[in-house]
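Per-entry structural report
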Amino acid sequence: MKNYINGTWTASESGRTFPNINPADNRDVIAEFPLSSSADVSSAVQAASTAFQSWKLTPAPKRGDILRRAGDIFTRRKDELADVMTREMGKTLTETKGDIQEAIDTAYYAATETRRLFGYTAPSEMHNKMNLSFRMPIGVCGIITAWNFPIAVPSWKILPALAAGNTVVFKPSDDSPHSANIFAEILEEAGLPAGVFNVIHGDAEAGAELVEHPDVRVVGFTGSTQTGTAIAARCAQLNKKVSLEMGGKNAQIVMNDADLDLAIDGVLWGAFGTTGQRCTATSRLILHEDIHDLVVDRLIALSQKLVLGDGRKSGTQVGPVINQRQLDKIMSYIEIGKQQTTCVAGGYRDTDGDKQHGYFIAPTIFTGVTSEHTTFREEIFGPVLSVSKVSSFEQAITLANDCAYGLSSSLYTKDVNRAFAAIRDIEAGITYINAPTIGAEAHMPFGGIKGTGNGHREGGWTVFDIFTEWKTVYVDYSGHLQRAQIDNY
Ligand code: SIN
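Residues numbered from 1 in each chain as written. Predicted model: local features only at pLDDT ≥ 70, side-chain atom pairs only at ≥ 80, totals over all residues. Heavy atoms only, no water.

Considering the overall build of the chain
The line we're drawing: A run of H or I in DSSP counts as a helix once it spans at least four residues, and a run of E counts as a strand once it spans at least two, with each numbered from the N terminus. Here the globule rule reads 2.2 Å times residues to the power 0.38, and the radius of gyration is calculated from C-alpha atoms. The buried label goes to any residue with under 20% of its type's maximum accessible area, the exposed label to any with over 50%, and the partly exposed label to all in between, with areas taken from a 1.4 Å probe on protein chains only. In this analysis, two residues are considered to be in contact whenever any of their non-hydrogen atoms come within 4.5 Å of each other.
Along its length, the chain carries 15 helices and 21 strands. Computed over its C-alpha atoms, the radius of gyration of the chain comes to 24 Å, within 12% of the 23 Å expected for a compact globule of 489 residues. Along the longest, intermediate and shortest principal axes, the C-alpha atoms of the chain span 80 × 60 × 40 Å. For the chain, with 489 residues in total, the buried portion stands at 58%. Counted over contacts in the chain with a minimum sequence separation of 6, partners at least 24 positions apart contribute 74%.

Below, the structure is given as structure tokens:
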């Protein structure tokens, strides 16, 4: 398979490729993809720079028409794309369909926003003078994303960037390149002009080339805190706009008055859905001491019943982790957890039957976890849940906030006063009440504080703060020189 540059499927100038491997069965090599060189990145950025000159002049609602058609095509190709996505990154078909639905929602939402790219007007300090402001497109956006949401997360960045009149070079994860090519096919079929959207495949080197390229004006990144922080440092030196969505270590608090059935369903879905490989995954569970043992016992029993397997097989509830490197990393955290705390469920690689050829880890639960422990502090990005016990609501909030990250959070309670106090006091970009930590809706801000982000939000109209620059316009129709701050005072 190839890169998509200037509307053409193009092999890498380097001639080098990398394999795309099914994590449920590593004997299944799906295809070879280009390992792009700096020349490939330059061609893509050149195409995007040239296309920007006419795309920025296309009326925004016309750009929106193309995005709406893209939403229709995503809908039509949903099942096919879900199968491609599950095969290359492992999560179940139900989950990959949900991933694509987020892109459909985003496409329709971004399309409507093209009629609402509002600036504002304000009175002037002077007679016969008018003040206006506009959101202007910026130029070429370099978009770099992870493999866990191969369509949804890119769509949150790419579709609003295009709606605002920018052009895009997308470097998807090398673990989910096939989905990215279908993204390009869909935008092409929707009528996007050549060069407005480009895909270059490759590893971290291609991503770094994209960040460095002088014609890339905005960088949008989702991935690890380590890589995101390095990108932000470089963008600061290069004076580029950068938006980061990085790690999470999300806590779900369950109080003693909570609906426990609801809370337990929430933990199972939040911690082990998508095999725990979500930025918003529930990785810490903070239980009030009154209900701790009951909840833990039920979680152990239910987690052991979750069906691990190939996400393309019906009945599978938990797919594999993405690759050998992640498997090794997660297993090393599990070993640390076993030394420091008590492993009450899972804690092993599952190699039963066909699973021997994939990267499967049994849903794992640790109890007796305190803020001193490694599994409490570090993002594991796998099916691992750390359970802590508290004796009060205040202690629960303090523990939830004792964290380097601040993406998502959740509280289960029937006490409305506690719910509102938690909404105010939990340090996170997202707080759920009586729902798990995961998920997002296209029209709402998504992002986090502390080690999770750098102050930007995707989703909703807030995303346009990333992908536009303000232009302020003063129209003086007085017919004579008016000197601001001089003649008036
Ligand atoms: C994530 O948690 O990584 C993304 C959230 C979502 O799209 O549901």
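Some remarks on the packing of helix α2 (residues 60-76) against helix α4 (residues 93-113)
The test is simple: Fitted lines through C-alpha atoms serve as axes, helices being fitted only where they are in contact, and the angles separating the N-to-C directions of these axes extend from 0 to 180 degrees. Roughly parallel covers angles under 35 degrees, roughly antiparallel covers those over 145, roughly perpendicular covers 65 to 115, and oblique covers all other angles. Helix crossings fall into two classes, left-handed where the near helix is turned counterclockwise from the far one by less than a right angle and right-handed where it is turned clockwise.
One can describe the packing of α2 onto α4 by two numbers: an axis separation of 8 Å at closest approach and a directional angle of 160°. Taken together, α2 and α4 sit at an angle that is classed as roughly antiparallel. Classified by chirality, the crossing of α4 by α2 is left-handed. Where α2 approaches α4, its residues Gly64, Leu67, Arg68, Gly71, Asp72, Phe74 and Thr75 are matched on the opposing element by Ile100, Ala103, Ile104, Ala107, Tyr108, Ala110 and Ala111.

Focus: the site of the ligand
Applied cut-off: Nearness is judged by heavy atoms alone; a residue qualifies as near a molecule or strand once a single heavy atom is within 4 Å of it. N or O atoms closer than or at 3.5 Å make up a polar contact, with two conditions inside protein: a donor-capable atom paired with an acceptor-capable one, and, for residues adjacent in sequence, both atoms drawn from side chains. Gly is put with the polar residues, along with every residue not named as nonpolar or charged; the nonpolar set is Ala, Val, Leu, Ile, Met, Phe, Trp, Tyr, Cys and Pro, and the charged set is Asp, Glu, Lys and Arg. In this entry, domain limits derive from an automatic or database-based domain assignment.
Lining the immediate environment of the ligand, one finds Glu102, Asn148, Phe149, Trp156, Arg278, Cys279, Thr280, Gly439 and Ala440. One of the side-chain nitrogen or oxygen atoms of Arg278 is found 2.8 Å away from an oxygen atom of the ligand. One of the side-chain nitrogen or oxygen atoms of Thr280 is found 2.5 Å away from an oxygen atom of the ligand. Split into classes, the residues belonging to the shell around the ligand amount to four nonpolar, three polar and two charged. For the shell around the ligand, the two domains that each supply at least three residues are domain 1 (3-246 + 453-473) and domain 2 (250-433).

Structural notes on the nonpolar core
Quick reminder of the rule: Residues enter a nonpolar core if they are buried and are Ala, Val, Leu, Ile, Met, Phe, Trp, Tyr or Cys, with the set joined through side-chain atoms within 4.5 Å.
In this structure, Phe74, Ile158, Leu162, Val168, Leu187 and Phe197 are the most contacted members of the largest nonpolar core, which totals 50 residues. The leading source of residues in this core is helix α6 (residues 177-190), at seven residues. Not counting residues up to four positions away in its chain, the partners in contact with Leu187 are Ala70, Ile158, Leu159, Leu162, Leu192 and Phe197. Within the second largest apolar cluster, 28 residues are counted, among which are Ile286, Met331, Phe376 and Ile426.

Let's talk about the domain arrangement of the chain
Rules: By definition, a salt bridge exists where a carboxyl oxygen of Asp or Glu is found within 4 Å of a side-chain nitrogen of Lys or Arg.
Domain annotation of the chain identifies domain 1 (3-246 + 453-473) and domain 2 (250-433). Taken together, the contact pairs 23 residues of domain 1 with 27 residues of domain 2. Here domain 1 and domain 2 share one salt bridge between them. When the shortest N-O distance is used, the salt bridge between Arg312 and Asp83 registers 3.1 Å. Where domain 1 packs against domain 2, one counts nine residue pairs in polar contact (both at pLDDT 80 or more).

What to know about helix α11 (residues 324-340)
Owing to its 3.6 residues per turn, the α-helix brings residues three or four apart onto one side. Put simply, the test is: An expected span of 1.5 Å times one less than the residue number is assigned to each helix. Arc definition: directions from the helix axis to the C-beta atoms.
Across its 17 residues, α11 extends 24 Å between first and last C-alpha, which sits within 8% of the 24 Å expected from 1.5 Å per residue. Listed as buried for α11 are Gln326, Leu327, Ile330, Met331, Tyr333, Ile334 and Gly337. Summarising the axial view, the buried residues of α11 lie within an arc of 160°, below the 170-degree limit, and thus occupy one face. Facing away from the buried side of α11 by more than 90 degrees, the exposed set consists of Arg325 and Gln339.

Comments concerning the sheet that holds strand β6 (residues 129-137)
Through backbone hydrogen bonds, the strands of a sheet pair up, either in parallel or in antiparallel fashion. Note the threshold: Whether two strands pair comes down to DSSP finding at least two bridges between them.
Read across the open sheet, the three strands follow the order β5-β6-β21; overall the sheet is antiparallel. Pairing within the sheet leaves two strands with one partner each, and these edge strands are β5 (121-122) and β21 (468-476). Pairing geometry for β5 and β6, over two bridges, is antiparallel. Within β6, the residue paired with Thr121 across the bridge is Leu132.

Section: a nonpolar patch on the surface
So the rule is basically this: Candidate patch residues must exceed 30% relative accessible area and have no salt bridge, after which like charges are joined if within 9 Å and Val, Leu, Ile, Met, Phe, Trp or Tyr side chains if within 5 Å. Computed with a 1.4 Å probe, the accessible areas rest on the Shrake-Rupley method; for each residue, only the protein chains presented here act as cover.
Together, Met130, Val475 and Tyr477 line one region of the surface with nonpolar side chains, adding up to about 280 Å² of accessible area. Within the fold, Val475 resides in strand β21. Taking relative accessible area as the criterion, Val475 reaches 34% and is therefore assigned partly exposed.

Points about the pattern of salt bridges
Per the stated rule, a full pass over the model turns up 21 salt bridges. Notably, a salt bridge pairs Arg27 with Asp25, separated by 2.9 Å at the nearest N-O pair. Arg77 is paired through a salt bridge with Glu80; the nearest N and O atoms lie 2.8 Å apart.

Section: the environment of Thr8
Secondary-structure assignment places Thr8 in strand β2 (residues 8-10). On the basis of relative accessibility, which here comes to 44%, the residue Thr8 falls in the partly exposed class.

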